[in-house]
Structure formats: C-alpha cells, structure tokens
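These are the residues of each chain, in order.
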Amino acid sequence: MGAQAIVVASPASADTVDQIAIRTVGRTQSVNPGTPGQCTWGVAEKWFESTGSYPAMRGNALEWTNTAAAAGYTVVDTPQNRSVVVFQPGVAGAGGYGHVAWVDSVSAGGQYIHVTEMNGVAGEGLWNDRDIQNVAGMTYILLP
C-alpha cells in the first residue's frame, strides 16, 4: 500500500469563502433598540423571533454595519440566509438614513434576496416583502 495524497480544494470564488463565514455571537440587550414603526425596530423584532434576544445596535440603518461589527457580529458583503441586509442611502430605494431588512432567502448564486421589511415600500409602521437584486452598497449582518 502506498501513501494516499490528501487533496484540499480551494474555494471557487470569494463568495464561497463568505458562505462559510464564522457567525460570531455579539452583544445583546433585553429591549428593542429601534423606534416603533421604523425599519430598525422591525428588523430587531425579526431578530428577536429568531434568537430570543435583541441585538445591541442603535442608530440609523446606515450605521448598522459598523455598530454590528463593534458589537461583535460577523458582517459580510455576500448575501446570506439568517441575516439582516443593510442598505446604504440610495441603494434599492433606501432614503438618507439607509435601510435594513430581514433576509428571508437568497437565490441560487446570490444574485437576488427576498426580504421582509418594515417602513419600506408599504410605508411607515407597515410590513411588506419583496425581491431585491444584490448590488454594491449592501452588507449582511449574520445572526449567530
């Protein structure tokens, strides 16, 4: 019997690397950090439904990428299930404060995401869902 070679395949692309990103457990809090009816409040409610706690993040949606990283959560550029998408101002209809939404699903290849959002196209305090193309200016906060 000869020695067997062990072959380790490299990821096919940078997207593949993000798909196996380690989901870190960040800081939590006992209350919803958002203002009722706003997108940040809606996303925090979805987070609570999924994890039983609220993320320790505050501020306008456009700040959530940085506050999530500072709170200890993993933030990536590639769409992921079980995540929150952060839209910078002007991206996918986001206003001057940015926007956040709950990612329900990601299409094969990651080109589109299906989200549930509050204070989106339905208006303040209302829920809606929609499909959105993944483009520059979108980041994803991964739930643990």
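Everything in this summary refers to the structure shown in the same document. (Residues numbered from 1 in each chain as written. Predicted model: local features only at pLDDT ≥ 70, side-chain atom pairs only at ≥ 80, totals over all residues. Heavy atoms only, no water.)

## Notes on the pattern of salt bridges
Then, number 1: By the definition in use, this model includes 2 salt bridges.
Then, number 2: E49 serves as the salt-bridge partner of K46, at 4.0 Å between the closest nitrogen and oxygen. Taken together, the positions of K46 and E49, both in helix α2 (residues 39–51) and 3 residues apart, correspond to about one turn of that helix.
Then, number 3: Measuring nitrogen to oxygen at the nearest pair gives 2.6 Å for the salt bridge that ties R130 to E117. Residue R130 is located in strand β7 (residues 127–133), and its partner E117 is located in strand β6 (residues 112–118); the two are separated by 13 residues in the primary sequence.
Then, number 4: The exposure class of E117 is buried, given its relative accessible area of 1%. (Salt bridge = Lys/Arg side-chain N within 4 Å of Asp/Glu carboxyl O. Helix = DSSP H or I, 4+ residues; strand = E, 2+ residues; numbered from the N terminus. Buried < 20%, exposed > 50% of the residue type's maximum accessible area, 1.4 Å probe, protein only.)

## Structural notes on the packing of aromatic side chains
Where two aromatic rings form a pair, the distance of their centres and the angle of their planes describe that pair.
Then, number 1: All told, the structure shown has 2 aromatic pairs when counted by the stated rule.
Then, number 2: Ring geometry for W47 and Y73: centres 5.0 Å apart, planes at 85 degrees, overall edge-to-face. Taken as a pair, W47 in helix α2 and Y73 in the loop between α3 (64–70) and β3 (74–76) lie far apart in primary sequence, 26 residues in all. For the pair W47 and Y73, a shared accessibility class is recorded, and that class is buried.
Then, number 3: Measuring from ring centre to ring centre gives 4.6 Å for F48 and Y54, while their planes differ by 20 degrees; the resulting arrangement is stacked.
Then, number 4: The exposure class assigned to Y54 is buried, which follows from its relative accessible area of 10%.
Then, number 5: Here K46 stacks its cationic end above the ring of W127, 5.3 Å away from the centre of that ring. (Phe/Tyr/Trp six-rings, centres within 6.5 Å; stacked < 30°, edge-to-face > 60°. Lys NZ or Arg CZ within 6 Å of the ring centre and 35° of its normal.)

## Description of the pairing of strand β4 (residues 83–87)
Then, number 1: In terms of burial, β4 is a largely internal element, 5 of the 5 residues being buried.
Then, number 2: Every second residue of β4 is oriented toward a common face, with S83, V85 and F87 on one face and V84 and V86 on the other, all of them buried.
Then, number 3: Sheet topology note: the β4/strand β5 (residues 99–106) ladder contains 5 bridges and is antiparallel. Bridge pairing in β5 places V85 opposite A101. (Pairing = 2+ DSSP bridges.)

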